[in-house]
Amino acid sequence: MWQMRDIPFQRFDQLYEGPEFADARFAELVPWGRDQTFTGLAHGTPKGEHTPHGWGVLEHHEGFMQACAVWRDGVADGPGMWSSIVEGKEQCGYGAWVQGKRHGYFALVKEGGVYVEDYDMGELKRRIKWRKDKLHLQCARCRMLFVPCANSPEEKLCRFHLSKN
Ligand SMILES: [Zn+2]
């Protein structure tokens, strides 16, 4: 799956220059939802001063993150990935969200395997073991599963790791 080898968004993609995101501004570690922070493009809405709108990464204090290429008024609505670093349950996944729900094929990576999941507006329809995972390394510091080529200096999704050490 191509998404594993690439970062989930390019900050300066033309998409974000368009009229839809014209009023969105970069916000860093702003509160968004309970025990969560958001870093990315945001604008003010009735939901909050910094409502995710454009590319961005949502992080939960307990070790869950979701990076999405397109947030619309706080709702994930485009391709992206998520990762959990909860000890013993480290896993990550790649796919696309539609109106905040997983939709279509997701690749779930856990326990050394890659599983293909098929969703219909948030509902899991099936899960198939696809193959052994040979792409991901685990960050020695935060335990996040990551693919080195998708962890550029511009976009370090775990915020800490530069290499597996
Ligand atoms: Zn890390």
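Shown above is the structure to which this text applies.
Bear in mind the structure is a predicted one, so any value in this text is a computation, not a measurement. (Residues numbered from 1 in each chain as written. Predicted model: local features only at pLDDT ≥ 70, side-chain atom pairs only at ≥ 80, totals over all residues. Heavy atoms only, no water.)

Engineer: Would you explain the pairing of strand β6 (residues 79–84) in this entry?
Structural biologist: Remember that side chains alternate between the two faces of the sheet whenever the strand is regular. Among the six residues in β6, five count as buried, and that is most of the element. Looking at chain direction, strand β4 (residues 64–72) and β6 are connected through five bridges and run antiparallel. Opposite Met65, over in β6, you have Ser83 as the bridge partner. Here β6 runs beside strand β7 (residues 91–98); their pairing, made up of six bridges, is antiparallel. Bridge pairing in β7 places Met81 opposite Tyr94. What sits between the antiparallel neighbours β6 and β7 is a turn of six residues, in which Gly88 has the positive phi angle 85 degrees. (Buried < 20%, exposed > 50% of the residue type's maximum accessible area, 1.4 Å probe, protein only. Helix = DSSP H or I, 4+ residues; strand = E, 2+ residues; numbered from the N terminus. Pairing = 2+ DSSP bridges.)

Engineer: Would you take a moment to explain the pairing of strand β10 (residues 113–120) for this structure?
Structural biologist: Of all eight residues making up β10, seven are buried, and the element is well covered by its neighbours. Looking at chain direction, strand β9 (residues 104–110) and β10 are connected through seven bridges and run antiparallel. Opposite Leu108, over in β10, you have Tyr115 as the bridge partner. Counting the residues that bridge the hairpin from β9 to β10 gives two residues, and of these Glu111 lies at a positive phi of roughly 50 degrees. With eight bridges connecting them, β10 and strand β11 (residues 123–132) associate as antiparallel partners. From the neighbouring strand, Tyr119 faces β11, where its bridge partner is Leu124. The loop that links β10 with its antiparallel partner β11 comprises two residues; one of these, Met121, has a positive phi angle of about 45 degrees.

Engineer: Sorry if this is basic, but what is going on with the environment of Glu20 here?
Structural biologist: Note that Glu20 resides in the segment before β1 (25–31). By relative accessible area, which is 37% here, Glu20 ends up partly exposed. Spatially, the C-alpha atom of Glu20 lies 19 Å from that of Pro8, the residues being 12 residues apart in sequence. Those residues in contact with Glu20 that lie beyond four places of it in its chain are His53 and Arg72. Looking at Glu20, its side chain comes within polar contact range of the side chain of Arg72, at 2.5 Å. (Contact = heavy atoms within 4.5 Å. Polar contact = N/O pair within 3.5 Å; in protein donor to acceptor, adjacent residues only side chain to side chain.)

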